[in-house]
Amino acid sequence: MKKPPGSSPLPPGSTIGMLGGGQLGRMTALAAARLGYKLHVFSPEPDGPAAQVAHRSTVAAYDDEDALEAFARAVDVVTLEFENLPPAALELIQRIVPVHPSAQVLRVTQDRLEEKTFARRLGIETAPFAGVDSHGDLEKAVAMIAPPAILKTRRFGYDGKGQARLERREDAARAWRAIGEAPAILEGFVDFALELSVIVARGQDGAVRAYPAVENRHCHHILATTIAPAAIPAAAAKEAERIAVALAQGLDVVGLLAVEMFMTPDGRVLMNEMAPRPHNSGHWTIDACPTSQFEQLVRVAAGLPLGPVEPYTPALMTNLIGHDVDAWPRLVADPTARLHLYGKAEVRPGRKMGHVTRLKRQP
């Protein structure tokens, strides 16, 4: 194995391996280049957003053991921008080179039931939930968690995919069919005032930095807007940060952990979901913070000290979804807009094509 975690930082010119080739990898590659590092992307997708700006790209399936081994031997450390990976792939790679975060972190965060159970063990409040492996289990869960409720696949769901809403008990059979009768979790609805997220960076030495809590607003289950920082009571902001840090430390994350939460009308904060990678709700950090979430991931992977996270200014980030991107000529000419496009050739409904951040200077 190459240089172990905890040893001296990787010098500029070293190569960071990235599992996943989407826009999160693209923005990480740009941050890595600024610090003098090369990024080698591993993804099944040729000419993806990350490969377009990376030093090198390997196009192969995540279960191609020969390709994974060759990739591991060509880099100095590996991280990821996409968590729905086979843990076995990370285990193979980490026999050759350090991987951050570990396969064990993915085993929890890939599974909605596991992550909520883990949060409860730490004393963190969540919506009521129950595991569902059969239609019979669903009937029992609905009896315990009165509708309205939402049935979600335990794995691989995002942006509202793999979900079905139950307005009444009689909806159970329809909902079970709608998610393909896959292993699932039934969650009770939460009466929330708004949705929050906090992104935590945790270094190889255990040092932790948390970005401020932000408010997220969705459209058709896809993040549309992030308001940074969230306009919430200080106690709620502090609790959201505490929850995110406790989860990162409890999971022994080395890298980033994004934690999505609900804030109720009375100011309680409940954990919803988490992802051990850069997060859409952290894109504003590129333009409004001394250290973006992407540079922070590079710093962790390379063994560098974590950078400062206090924002220079409040910010508003808006996703460009589908044909929203057609407004790019106007946005690029707008002096108040910071435009980021992801290099995706095909525009599709619901597809994230880029984002724009606007800054608001303090008086």
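One structure accompanies this document, and this report is about it. (Residues numbered from 1 in each chain as written. Predicted model: local features only at pLDDT ≥ 70, side-chain atom pairs only at ≥ 80, totals over all residues. Heavy atoms only, no water.)

## A closer look at the overall build of the protein chain
Defined as follows: Here a helix means four or more residues in a row that DSSP labels H or I, a strand means two or more in a row labelled E, and each is numbered from the N terminus. Our radius of gyration is a C-alpha quantity, and the globule rule it is checked against amounts to 2.2 Å times the number of residues to the power 0.38. Accessible area is worked out with a 1.4 Å probe on protein chains only. A residue is then buried under 20% of its type maximum, exposed over 50%, and partly exposed in between. Whether two residues are in contact is decided by their heavy atoms, any of which lying within 4.5 Å being enough. In this tally, Lys and Arg are treated as positive and Asp and Glu as negative; His is ignored, and so are the chain termini. Each charge is placed at NZ for Lys, CZ for Arg, CG for Asp and CD for Glu.
Of the regular secondary structure elements, the protein chain holds 11 helices and 17 strands. Over its C-alpha trace the protein chain gives a radius of gyration of 20 Å, about what one expects of a compact globule, namely 21 Å for 363 residues. Dimensions of the protein chain, computed from the C-alpha atoms along their principal axes, are close to 60 × 55 × 40 Å. Burial analysis of the protein chain (363 residues in total) assigns 54% to the buried set. Contacts spanning at least 24 positions in sequence make up 61% of the contacts within the protein chain whose residues lie at least 6 apart. Positive and negative side-chain charges of the protein chain, numbering 40 and 41 respectively, have mean locations separated by a distance of 3 Å.

## Brief notes about the sheet that holds strand β8 (residues 184–188)
Our working definition: Here, strands pair whenever DSSP counts at least two bridges between them. To get an axis, a line is fitted to the C-alpha atoms, and for a helix only the part in contact is used. The angle between two axes follows their N-to-C directions and goes from 0 to 180 degrees.
Strand order in this open sheet of 4 strands is β5-β8-β6-β7, and the pairing throughout is antiparallel. At either margin of the open sheet sits one strand with a lone partner, and together these are β5 (129–132) and β7 (163–166). Averaged over neighbouring strand pairs, the angle between their axes works out to 20° when direction is ignored. Note: strand β6 (residues 149–153) against β8, 5 bridges, orientation antiparallel. Residue alanine 149 lies in a different strand from β8, and its bridge partner there is glycine 188. Most of the contacts of helix α6 (residues 135–144) go to β5, to which it runs at about 170°, and overall it touches β5, β6, β7 and β8.

## A look at a nonpolar patch on the surface
This is how it is decided: Patch membership needs two things, relative accessible area over 30% and no salt bridge, and members are linked within 9 Å if like-charged or within 5 Å if nonpolar (Val, Leu, Ile, Met, Phe, Trp, Tyr). The Shrake-Rupley method, run with a 1.4 Å probe, gives the accessible areas here. Residue values count only the displayed protein chains as cover. Note on definitions: salt bridges are taken to be side-chain nitrogens of Lys or Arg within 4 Å of carboxyl oxygens of Asp or Glu.
Side chains of Trp328, Val332 and Leu341 sit close together on the surface and give an oily, nonpolar patch of about 290 Å² of accessible area. Looking at leucine 341, the relative accessible area reads 35%, which means it is partly exposed.

## Side note on the packing of aromatic side chains
Condition: Working definition: rings of Phe, Tyr and Trp (its six-membered ring) pair if their centres are within 6.5 Å, and the pair is stacked with planes under 30 degrees apart, edge-to-face with planes over 60 apart, and tilted otherwise.
As enumerated under the stated definition, the model contains 4 aromatic pairs in all. Put simply, the rings of Phe42, Tyr62, Phe71 and Phe82 pair up and form one aromatic cluster.

## Brief notes about the pattern of salt bridges
Scanning the model with the defined rule gives 19 salt bridges in all. The salt bridge involving glutamate 187 is made with lysine 116; its shortest N-O contact spans 3.0 Å. In this pair, glutamate 187 is assigned in strand β8 and lysine 116 in helix α5 (residues 112–121), connecting sequence segments 71 residues apart. Residue aspartate 334 is joined to arginine 358 by a salt bridge in which the shortest nitrogen-to-oxygen separation is 3.0 Å. One end of the pair, aspartate 334, is in the loop between α11 (328–332) and β16 (337–341); the other, arginine 358, is in strand β17 (residues 352–359), and 24 residues separate them in sequence. By relative accessible area, arginine 358 is classed as partly exposed at 26%. The network of salt bridges with shared partners includes Arg112, Lys116, Lys152, Glu187 and Glu273.

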